Amino acid sequence: MGSVAQQDVEDPFFVGFAISVYQNSGDDNTNWGEFEKRRTLLGRSTIDNGDRCNIACDFWHLYKDDIERAHSLGGNCFRLSLEWSRLQPHGPGTPFDPEAVAAYHSIFDALDAKKMEPFVTWHHFVHPLWFEKLGGFIKEENLKIFVDYAKAAFAEFGSRARFWTTFNEPGVTSFAGFVYGSFPPGKMARISGCGRHILHLLRAHTDVYAAIKVMPGGDQTSIGLVHNWFWFEPKQACCTPPYVRWVASILNKMWGNEVVMKYLKTGVYDYNPLWGLGRVQYTNPGGPPGCDHIGLNYYSRGLFDWKLQPCPNPGEVMTDMPYALHAEGLLLAVHGVSQLGVPIYITETGVADDGDSVRPQFIQSYMSAIEEAVRLGYDLRGVMYWTLVDNFEWAFGYRMKFGMYYWDPVPEGNQDRKLHASAALLKNWYKRLVERIPGHRRMAESLKKGEDGEQWSSGEGIAACLKENCVVFA
């Protein structure tokens, strides 16, 4: 583990936007394209309102305009996914589709023209339908298929980007796919299945990292993993029934913050949310897997009341999602992933807010927390807002509006985008972060060394600062 040469200390603080190409362009020939057509046991659509992704806001064809929009808001980086189903639609080992390859090169060209740093994700929840029919990642023998795809993709596009991540949020896709049933394959209460799925994604990450590092250019490429740091807790109340804390504890173990961190730190995996029931264990023969940086996705934490219904604490502001704004938690999340000792990039943070009434408070509070994290000495090197244009938000369909640009799929074929008023605030914050972060880094480094020249322990020193600022880790 550790930084590579290409993570230049002279890099600017990266600010920009994150998208998934599938959510902005669709593709029926995928696990998600098939899942969207299914019905639940109760006969309901798997997606809110019966929505289908279709072509969404059509980034695939409108990428030049959207990249210009991101640049106009102060973005100097752009996170996007490679869609395996577009690149390799015909099965394992088959040649990449030349039209899809050319399209991605054109997207990289557009980013180069705006001097925007690409952050590339090999797998953002979506893979070819043929891979799903083979059993997907739940089958250990399929991991090599993904590794071969990742190698082929890097051979084609490795020179176009310095920053790569293997998987987006292994815990989310596993929890939602095997416990909650809202992601493919749509299973519910499959505790051991969830544990195996997370493990196999982490093992695939391990194998991809090792394979890419020996390829031409691999040693100069930063390869990481994206983790969504989220947790559950009871609402503040004068009397909390014991079962509420019990449920929160189980959900936290299923989500797997510490399980993922432990594996990345040590190579030891121990998924055990139910006192041995459905336990999954594994030790990587090679010890800790490679990880040059960690991508952190942070939105909030989940509160619920005695009825186990989502709710805010008194004084908190709810978003359109079933959670409230919680800027303080961003520092907790940064602290949590900092244990890996590698550079941190906030690869997603954003807010669902159809009316653009909550977004200004989100921007002000969350960007302030990001600046504070750097001031406290965390090796935080960038932030990407989720997302640029309203898109297909998985099981929520088109109901959740995270975009800085408003877009509506109705009427069919509509591709008009409308910039939210809050965008001006985000642009100002992006400018401020780029200008002020270098000074905060220098100050933090001097504090770590201390007046007597002794190295200040970042863990102890930062914890003391957070305690002084009334931020408590639980």
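Before reading on, note that the structure itself is shown above.
Residues numbered from 1 in each chain as written. Predicted model: local features only at pLDDT ≥ 70, side-chain atom pairs only at ≥ 80, totals over all residues. Heavy atoms only, no water.

Peer 1: Explanation requested: the packing of aromatic side chains in the structure shown.
Peer 2: Geometrically, a pair of aromatic rings is defined through the distance of the ring centres and the angle of the planes. Within the structure shown, the criterion is met by 46 aromatic pairs. Centre to centre, the rings of Phe-137 and Phe-167 are 5.4 Å apart; their planes meet at 85 degrees, and the pair counts as edge-to-face. With Phe-137 in the loop between helix H6 (129–133) and helix H7 (143–157) and Phe-167 in strand E4 (residues 163–168), this residue pair connects regions lying 30 residues apart in the sequence. When sorted by exposure, Phe-137 lands in the same class as Phe-167, which is buried. Considering the side-chain rings of Phe-362 and Tyr-366, the 4.3 Å spacing of their centres and the 40 degrees angle between planes classify their relative orientation as tilted. Of this pair, Phe-362 and Tyr-366 both sit in helix H13 (residues 359–375), 4 residues apart, roughly one helical turn. Of the two residues, Phe-362 and Tyr-366, neither departs from the other in class, the shared state being buried. (Phe/Tyr/Trp six-rings, centres within 6.5 Å; stacked < 30°, edge-to-face > 60°. Helix = DSSP H or I, 4+ residues; strand = E, 2+ residues; numbered from the N terminus. Buried < 20%, exposed > 50% of the residue type's maximum accessible area, 1.4 Å probe, protein only.)

Peer 1: Is there a simple way to explain the side chain of Asn-168 in this structure?
Peer 2: Within the element layout of this structure, Asn-168 appears in strand E4. Of note is the side chain of Asn-168, whose polar atom sits 3.2 Å from the side chain of His-124. When residues no more than four places from it in sequence are discounted, the contact partners of Asn-168 are Arg-79, Thr-121, His-123, His-124, Phe-125, Val-226, Asn-297 and Glu-348. (Polar contact = N/O pair within 3.5 Å; in protein donor to acceptor, adjacent residues only side chain to side chain. Contact = heavy atoms within 4.5 Å.)

Peer 1: Whenever I open this one, the environment of Ile-363 confuses me. Can you help?
Peer 2: Turning to its location among the elements, Ile-363 is positioned in helix H13. Residue classification places Ile-363 among the buried positions, given a relative accessible area of 0%. Sequence separation between Ile-363 and Val-351 is 12 residues; the distance between their C-alpha atoms is 8.9 Å. If sequence neighbours within four positions are ignored, Ile-363 has contacts with Ser-368, Met-404, Ser-422, Leu-425, Leu-426 and Trp-429.

Peer 1: Would you mind showing me how to read the packing of helix H8 (residues 170–178) against helix H9 (residues 191–213) here?
Peer 2: Packed helix pairs are characterised by how far apart their axes lie and by the angle those axes make with each other. Where H8 meets H9, the closest approach of the two axes is 9 Å, and the angle between their N-to-C directions is 150 degrees. For the element pair H8 / H9, the angle class is roughly antiparallel. Between H8 and H9 lies a crossing whose hand is right-handed. Between H8 and H9, the contacting residues are Pro-170, Gly-171, Thr-173, Ser-174, Phe-175 and Phe-178 on the first element and Gly-193, Cys-194, His-197, Ile-198 and Leu-201 on the second. A breakdown of the residues in the contact of H8 with H9 according to their chemical character gives 6 nonpolar, 5 polar and no charged. (Axes fitted to C-alpha atoms, helices over the stretch in contact; angles between N-to-C directions. Parallel < 35°, antiparallel > 145°, perpendicular 65-115°, else oblique. Left-handed = near helix turned anticlockwise from the far one by under 90°. Nonpolar A, V, L, I, M, F, W, Y, C, P; charged D, E, K, R; others polar.)

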